[in-house]
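# Inside the fold
Here's the letter readout for the chains.
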Amino acid sequence: MRSLFGFSKSEDAAVQATPKTSEKVAHDSAESVENKGDLPAIPPVFDCEPSDGPLQDIRSLSEDEQKVFDKVKADIPELVKDLPPIDPEALKFIDKDVPLDIEDWLTDECIARYVRARKGVYEDTKKALRKTIEWRASTRPHALRPDVVEVENRTGKMYLNGFDKFSRPVIYMYNHKQNTKEADNQIRWVICTLEMCIRHMRPGVEKVTLAIDATHWGFSNSVSIGTAKKFLEILANHYPERLGRAVIFMPPRFFVAFYSLVSPFIDPVTKAKVAFVNPNAVNDAQTQSDNNNSPWIQVEDCFDRSKLEKDCYGNWEFQYDHAVYWPAVETEFAQRKETMLQNEKEKQQAHAQDQGEQQDEQQEEQKQDA
């Protein structure tokens, strides 16, 4: 699974990311697109259009899991007490003016994901939630600055763009466009991308889809064990139940053979999310439905070809242009920050009003007692 998020053999040394301003994006965009030709730049799609299509079913909690959910929800005041300050190291990479988002993050849907991920065990669910709450408070993943991670996607190796047929955000991954020099910053870009996906999920959607072009996949695209372990721990601990489907296009034979060997040892829930696609195989014996044990599916099982990038064998003429994509990322971040600041201001005003009303009531009661 290490190569699924586009990691390369990058140094594990703690080299600080060099901030990059949007003023230089246009200059660097020539490196970001291969064979672009004269096609006009197409802007990325971050917002899901209203659709009559089906949403993927989210498993309801069992009766026992619901009891755990209710118990954990009652513990929320305890879970959010005495939060740690921002980690000094994290301050190098975040916008410290972006408010903490724990209240908006800790929804019923969020609690239910942790209950499912921890197999309905109360103590495990509570500990996992507290661990993530502390992580979000100290590292502020939702406040990662675009200028910090900009260098990671100048080549267009991994990015959010559009939605699958179930309205799940799609993260495209082109491992052969690898350009990472510093492993920790690549992890930040993955986290930044996941946070963007979550922000743009329509109601009823909780998962993302990975569209992975494996045409040029090779062992040179894999990552050191230390870096892979760190990323997978973050994914499992702080983004549970967020992967809907990992669709691997044109996987090489050795990859398929290796997967066949290890798949019996993979958790059945995880294994059901991994799919292989050979777009050139139409209705052949290899392509099977999601209900069968075979990982092979057809493109149409997960995507509308008109909304799937051509580089992933769809019909959408989108080609990554850094000079177009990155300003959209910066705008999305700025708008999100503005919204959060406004919401925080309104909360503070409402709190002050409540306190004023309480004081008035207390004074009135004291008058009556006198």
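Provided above is the structure to which this section pertains.
All chains use their own residue numbering, which begins from 1 and follows the written sequence. Per-residue local features of the predicted model are confined to residues with pLDDT of at least 70, and side-chain atom pairs are confined, for both listing and counting, to 80 or more; whole-chain, interface and lining totals are unaffected and use all residues. To obtain the side-chain values, all non-hydrogen atoms of the structure were included, while hydrogens and water were left out.

### With respect to empty space enclosed by the protein
For clarity, the cut-off: Lining residues are those with an atom within 4 Å of a point, where the points come from a 1 Å grid over the protein atoms alone and group into cavities, where a 1.4 Å probe fits but cannot get out, or pockets, open sets with protein on both sides within 12 Å along at least five of seven lines. Grid points are joined across faces, edges and corners, and a volume is the space filled by probe spheres set on the points.
Evaluation of the coordinates by the stated rule reveals five cavities of 30 Å³ or more. Of the pockets and cavities examined, the largest cavity occupies roughly 70 Å³. What lines the largest cavity is simply Leu55, Gln56, Asp57, Ile58, Phe166, Arg168, Gly204, Val205, Glu206 and Lys207. Lining the second largest cavity are Trp105, Arg113, Tyr114, Arg136, Ile198, His238, Tyr239, Pro240 and Arg242.

### Side note on the layout of surface pockets
Inclusion rule: A run of H or I in DSSP becomes a helix once it reaches four residues, and a run of E becomes a strand once it reaches two; helices and strands are each numbered from the N terminus. Residues are grouped as follows: Ala, Val, Leu, Ile, Met, Phe, Trp, Tyr, Cys and Pro are nonpolar; Asp, Glu, Lys and Arg are charged; every other residue, Gly included, is polar.
Of the volumes computed, that of the second largest pocket is approximately 550 Å³. Lining the second largest pocket are 22 residues, with Asp104, Thr107, Ile198, Arg199 and Arg242 positioned closest to its centre. Taken together, the elements giving at least two residues each to the lining of the second largest pocket come down to helix 4 (102-105), helix 5 (108-117), helix 8 (183-199) and helix 12 (322-369). Grouping the amino acids of the lining of the second largest pocket by side-chain chemistry returns seven nonpolar, four polar and 11 charged.

### Points about the environment of Ala214
Selection criterion: Residues count as neighbours in contact if any of their non-hydrogen atoms are within 4.5 Å of one another.
With respect to the helices, strands and loops of the structure, Ala214 is situated in the loop between strand 3 (208-213) and helix 9 (225-238). Taking C-alpha positions, Ala214 is 8.7 Å from Met173, a pair spaced 41 residues apart along the chain. Setting aside residues up to four positions removed in sequence, Ala214 forms contacts with Ile248, Phe249, Met250, Pro251 and Pro252.

### Observations concerning helix 6 (residues 122-139)
Rules: By this rule the span expected of a helix is its residue count minus one, scaled by 1.5 Å. Per-residue accessibility, obtained with a 1.4 Å probe over protein chains only, is compared with the maximum for each type, and a residue is labelled buried under 20%, exposed over 50%, and partly exposed between these values.
Over its 18 residues, helix 6 extends 26 Å from the first C-alpha to the last, a length consistent with the 26 Å expected when each residue adds 1.5 Å. For helix 6, the complete set of buried residues consists of Tyr122, Thr125, Lys126, Ala128, Leu129, Arg130, Thr132, Ile133, Trp135, Arg136, Ala137 and Ser138.

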